[in-house]
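Chain by chain, the residues run as shown.
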Amino acid sequence: PAWLPAYPSVASVDLNITSPQGGTAVFKSKDDPAAITGFYEGVFNKAGMKVNKTTMQEAGQKASFVLIATKGESTASLSVAPDGENGSQVTLSYK
């Protein structure tokens, strides 16, 4: 949808499914999980959505993030996890 831009620094796309009911994208980026989460948190806030953020981190590891954003019947979810030493694995769904 127009309110949900693609992330500007995608290294590879593993899955991209769209339909009139919604969609899901799975991709990798060389960016840190916190940077990707911050980008989409801003997108969701700009769209007027209520955002719930969960952060998970084990000692000595980069954090993983989950965002759930809602507005009326629209929902978006984002899961961002570290992908090895550098980069992130991202799953983004919306309806």
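It should be emphasised that the depicted structure is a prediction, and the values quoted were computed from it without experimental measurement. (Residues numbered from 1 in each chain as written. Predicted model: local features only at pLDDT ≥ 70, side-chain atom pairs only at ≥ 80, totals over all residues. Heavy atoms only, no water.)

Caption draft 1: Expanded view of the overall build of the chain. For the chain, the count of helices and strands is one helix and six strands. Secondary structure elements of the chain, listed N to C terminal, follow the sequence β-β-α-β-β-β-β. C-alpha extents for the chain along the principal axes are approximately 40 × 25 × 15 Å. Nonlocal contacts in the chain, meaning residues at least 24 apart in sequence, comprise 45% of its contacts between residues at least 6 apart. (Helix = DSSP H or I, 4+ residues; strand = E, 2+ residues; numbered from the N terminus. Contact = heavy atoms within 4.5 Å.)

Caption draft 2: Quick look at the nonpolar core. Leu4, Tyr40, Phe44 and Leu78 are the most contacted members of the largest nonpolar core, which totals 17 residues. Top contributing element to this core by residue count: helix α1 (residues 33-46), with four residues. Ignoring any residue separated from it by four or fewer positions in sequence, one finds Leu4 in contact with Tyr40, Val43, Phe44, Leu92 and Tyr94. (Core = buried A, V, L, I, M, F, W, Y, C linked by side-chain atoms within 4.5 Å. Buried < 20%, exposed > 50% of the residue type's maximum accessible area, 1.4 Å probe, protein only.)

Caption draft 3: Here's a closer look at the pattern of salt bridges. Applying the stated criterion to the full structure yields two salt bridges. With its nearest N and O atoms 3.5 Å apart, the salt bridge here joins Asp32 to Lys62. Taken together, the residues span a long stretch of sequence, with Asp32 in the loop between β2 (22-29) and α1 and Lys62 in the loop between β3 (50-56) and β4 (64-71) at a distance of 30 residues. With relative accessibility at 31%, the residue Asp32 sits in the partly exposed group. Its salt-bridge partner being Glu41, residue Lys53 comes within 3.5 Å of it at the nearest N-O pair. (Salt bridge = Lys/Arg side-chain N within 4 Å of Asp/Glu carboxyl O.)

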